[in-house]
Amino acid sequence: AAALVAAQAAVCIFLLFGAALFVGTLQRLQSRPLGFTPDNLLHLSVESAGSRSREEWAQLLAAIRQLPRVESAAVAGWAPLTGNRWRVSVTVPGQPSREDAPNWVAVWPGYFETMRMRLMEGRDFRAEDRAPAKDDTGRPVPGVAIVNEAFARVYFGGRNPIGRRVTVDHLKASMEIVGMAADAVYFSVREAAHPGVFVPQ
């Protein structure tokens, strides 16, 4: 009987210890800055059976912006914390390429305002901005990007990245950095801030 009581006490202590760890972890995650404001933010996922033109997406966005109580709306490839990840490697001229590629998200102008994500330097995207790509003949076409603070730390040693150019490895196309956004969560709140790239969609 004494051995049984000792075993039960040991289990209880283990469970209490585990619960304390769980609560502590939950509190840390809840208090972690997200880098955007989730209050009054609605994520609307839209799937299309076929390709849609930019004009059709613009019409949909304009209709959403006209809805009552909608303050701002924007389009993105996906929202933070939805379990999606897209990584593409880039190279800074004169530096070796890195194995750990940055996270990418394609967004429309107004995304940072809608998400309440701070632009630390530079500007938002404009309607005429384009992402780096290849043309119909396979030649690289330069584009623009907005990066986060972690990208500036890792690729430029924390220096202001505005106006700097990097090369998108698989496209061999250059990309001018026109803005720097504050770090924000991407795939999971458990992940540390990772270099991030936003390109015009």
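Residues numbered from 1 in each chain as written. Predicted model: local features only at pLDDT ≥ 70, side-chain atom pairs only at ≥ 80, totals over all residues. Heavy atoms only, no water.

Undergrad: Would you mind showing me how to read the overall build of the chain here?
TA: The number of helices and strands found in the chain is 4 helices and 9 strands. Seen in sequence order, the chain has helices and strands lined up from the N terminus as α-α-β-β-α-β-β-β-β-α-β-β-β. When burial is assessed residue by residue, the chain has 31% of its 201 residues classed as buried. Total accessible area on the chain stands at roughly 12,500 Å², and carbon and sulfur atoms take up 56% of it. (Helix = DSSP H or I, 4+ residues; strand = E, 2+ residues; numbered from the N terminus. Buried < 20%, exposed > 50% of the residue type's maximum accessible area, 1.4 Å probe, protein only. Areas by Shrake-Rupley, 256 points an atom, 1.4 Å probe, with all protein chains shown as cover.)

Undergrad: Can you help me understand the nonpolar core in this one?
TA: General note: in soluble globular proteins, nonpolar side chains tend to be found buried as a group. With 18 residues, the main nonpolar core has W104, F151, M175 and V197 as its most contacted residues. Residue assignment for this core shows that the elements contributing at least two residues are β2 (103-107), β6 (143-148), α4 (149-156), β7 (165-168), β8 (173-181) and β9 (196-200). Not counting the four nearest positions on each side in its chain, M175 is found in contact with V90, W104, P132, G143, V144, A145, R164, R165, V166, V168, V197 and V199. Residues Y111, F112, V144 and A181 belong to the second largest nonpolar core, which totals 13 residues. (Core = buried A, V, L, I, M, F, W, Y, C linked by side-chain atoms within 4.5 Å. Contact = heavy atoms within 4.5 Å.)

Undergrad: How do you make sense of the environment of K134 when you look at a structure like this?
TA: Counting through the fold element by element, K134 comes out in strand β4 (residues 133-134). Judged by its relative accessible area of 45%, K134 falls in the partly exposed class. Through-space distance from the C-alpha of K134 to that of L171 is 6.6 Å; in sequence the pair is 37 residues apart. Not counting chain neighbours up to four residues away, the residues in contact with K134 comprise R139, P140, V141, H170 and L171.

Undergrad: What should I look at first to understand the confidence of the model for the chain in this one?
TA: The predicted coordinates of low-pLDDT regions are not to be read in fine detail. Considering every residue of the chain, the mean pLDDT works out to 81; 79% of them sit at 70 or more. Confidence drops under a pLDDT of 50 for residues 18-26, and excluding neighbours within four residues, the segment shows 1 contact in the predicted structure. (pLDDT = per-residue confidence, 0-100.)

Undergrad: I would appreciate a short explanation of a nonpolar patch on the surface in the present structure.
TA: The grouping of L44, V46 and L60 at the surface amounts to a nonpolar patch, some 260 Å² of accessible area in total. Here V46 lies in the loop between α1 (2-31) and α2 (54-65). (Patch = residues over 30% accessible without salt bridge, like charges linked within 9 Å, V, L, I, M, F, W, Y side chains within 5 Å. Salt bridge = Lys/Arg side-chain N within 4 Å of Asp/Glu carboxyl O.)

Undergrad: Help me understand the packing of aromatic side chains, please; the structure alone is not making it clear to me.
TA: Two numbers describe a pair of aromatic rings. These are the distance of the centres and the angle of the planes. Following the criterion strictly, the structure yields 6 aromatic pairs and no others. With a centroid separation of 5.0 Å and an interplanar angle of 75°, the aromatic rings of F112 and F198 are classed as edge-to-face. With F112 in helix α3 (residues 111-115) and F198 in strand β9, this residue pair connects regions lying 86 residues apart in the sequence. When its relative accessible area of 10% is taken as the criterion, F198 is described as buried. Aromatic pair F151 and Y155: ring centres 4.3 Å apart, planes at 15°, arrangement stacked. Of this pair, F151 and Y155 are both found in helix α4, 4 residues apart, which corresponds to roughly one turn of the helix. The exposure class assigned to Y155 is buried, which follows from its relative accessible area of 3%. Grouped by ring-pair contacts, the aromatic residues Y111, F112 and F198 constitute a single cluster. Over the ring of W108 we find R54, and its NZ or CZ is 4.3 Å from the ring centre. (Phe/Tyr/Trp six-rings, centres within 6.5 Å; stacked < 30°, edge-to-face > 60°. Lys NZ or Arg CZ within 6 Å of the ring centre and 35° of its normal.)

Undergrad: What is the right way to look at the side chain of D169 in this model?
TA: If you trace the backbone, D169 turns up in the loop between β7 and β8. Here the side chain of D169 touches T91 through a polar contact of 2.6 Å, side chain to side chain. (Polar contact = N/O pair within 3.5 Å; in protein donor to acceptor, adjacent residues only side chain to side chain.)

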